[in-house]
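Fold and contact review
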Protein chains: 2
Amino acid sequence: MAKLDPALDMAFAALSDPTRRRILERLARGPATVSELHAVHDMSLPSFTAHLKKLESAGLITSKKEGRVRSCALSPEAFAPVQDWLAEQRALWQGRLDRFDAYVTQISEERKP
Amino acid sequence: MAKLDPALDMAFAALSDPTRRRILERLARGPATVSELHAVHDMSLPSFTAHLKKLESAGLITSKKEGRVRSCALSPEAFAPVQDWLAEQRALWQGRLDRFDAYVTQISEERKP
């Protein structure tokens, strides 16, 4: 069975859309209201809100309502599982490349006259 | 408009499934035949092949057929746009935290008797 990690599934799925990545890029610079975020997207508010909900379900952003204004903030720590998984893969294939390099070096040393 | 980057969309979408991540984890250790990859997954071959196709469409793996045997290999360079995008986000929010730290330090310096 595949190792189940729904948090990782949801984070990667949330990151697979250009509108959602653009929202995250904006929030990386600081919190913003839903209106401010929506203003630069050529999209209906309900469609835009669905993107925000997907980011919030994945834990990548949080939102809170004060009076009639809802504002959003990035949750940088939610990127950690994604970055950890990618770093593990890099370590695996880098290890394989290093062993290959060592092998090539050994072969060429052995062939020296 | 959101910055269009279909390669990034497809890579993140390909990574959002635990079966596909497990295939990548296996291929990070070295190439394998489709039969070898499929053997450890409790899933029909057509369903499994669909996952391989999604990884190949996203550019994360390559496959080649020799005789009747198809084998797959990881394309580590295809992870670069994903890692670059995440690194950019980290730089943005880290910059914001650093500026906040500097501000707090300045305030506390000013309050010293």
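Worth saying up front: this structure is predicted, and the values here are computed from it rather than measured.

Below, the discussion takes up the interface of chain A and chain B. The figure often quoted for interface size is the accessible area lost as the parts come together. Listed per partner, the contact involves 36 residues of chain A and 36 residues of chain B. Overall, the association of chain A and chain B removes approximately 3,300 Å² of surface from exposure, summing both partners, and the carbon and sulfur fraction of that is 62%. Taken as a group, Arg21, Trp85 and Trp93 of chain A account for 18% of the area that chain A buries against chain B, more than any other trio of residues on that side. At the boundary of chain A with chain B, the tally comes to two salt bridges. One salt bridge connects Asp9 of chain B with Arg21 of chain A, and the closest N-O pair in it is separated by 2.8 Å. At the boundary of chain A with chain B, the tally comes to six residue pairs in polar contact (both at pLDDT 80 or more). The greatest single-element share of the side of chain A that touches chain B, amounting to nine residues, is contributed by helix H5 (residues 80-111) of chain A.

This next bit is on the relation of the copies chain A and chain B. Mapping between the two chain copies consists of a rotation about an axis together with a translation along that axis. By a simple turn and slide, chain A fits onto chain B: the slide is 0.0 Å along the axis, the RMSD is 0.1 Å, and the turn is 180°. What we have between these two chains is a two-fold relation. A high fraction, 100%, of the interface residues of chain A reappear at the interface in chain B, so the copies pair face to face through one surface.

The next thing to look at is the sheet that holds strand S1 (residues 32-33) of chain B. Residues and elements named next belong to chain B. Strand order in the open sheet formed by three strands is S1-S3-S2, with antiparallel pairing between adjacent strands. This sheet does not close on itself; its edge strands, each paired only once, are S1 and strand S2 (61-66). Those strands touched by helix H2 (residues 18-27) are S1, S2 and strand S3 (69-74), and its axis lies near 85° from that of S3. The strands that helix H4 (residues 45-57) touches are S2 and S3; relative to S2, the one it contacts most, it runs at about 120°.

On to H2 of chain B. Residues and elements named next belong to chain B. Of all 10 residues that make up H2, seven are buried, and the element is covered over most of its length. Of the residues making up H2, those classed as buried are Pro18, Thr19, Arg20, Arg21, Ile23, Leu24 and Leu27. Between a side-chain oxygen at the N-terminus of H2 and the backbone nitrogen of Thr19 the separation is 2.8 Å; the capping residue is Asp17.

Scoring rules and cut-offs
Residues numbered from 1 in each chain as written. Chains lettered and ligands numbered in written order. Predicted model: local features only at pLDDT ≥ 70, side-chain atom pairs only at ≥ 80, totals over all residues. Heavy atoms only, no water. Contact = heavy atoms within 4.5 Å. Buried area = accessible area lost by both parts, 1.4 Å probe. Salt bridge = Lys/Arg side-chain N within 4 Å of Asp/Glu carboxyl O. Polar contact = N/O pair within 3.5 Å; in protein donor to acceptor, adjacent residues only side chain to side chain. Helix = DSSP H or I, 4+ residues; strand = E, 2+ residues; numbered from the N terminus. Least-squares fit on C-alpha atoms with pLDDT ≥ 70 in both. Pairing = 2+ DSSP bridges. Axes fitted to C-alpha atoms, helices over the stretch in contact; angles between N-to-C directions. Buried < 20%, exposed > 50% of the residue type's maximum accessible area, 1.4 Å probe, protein only.

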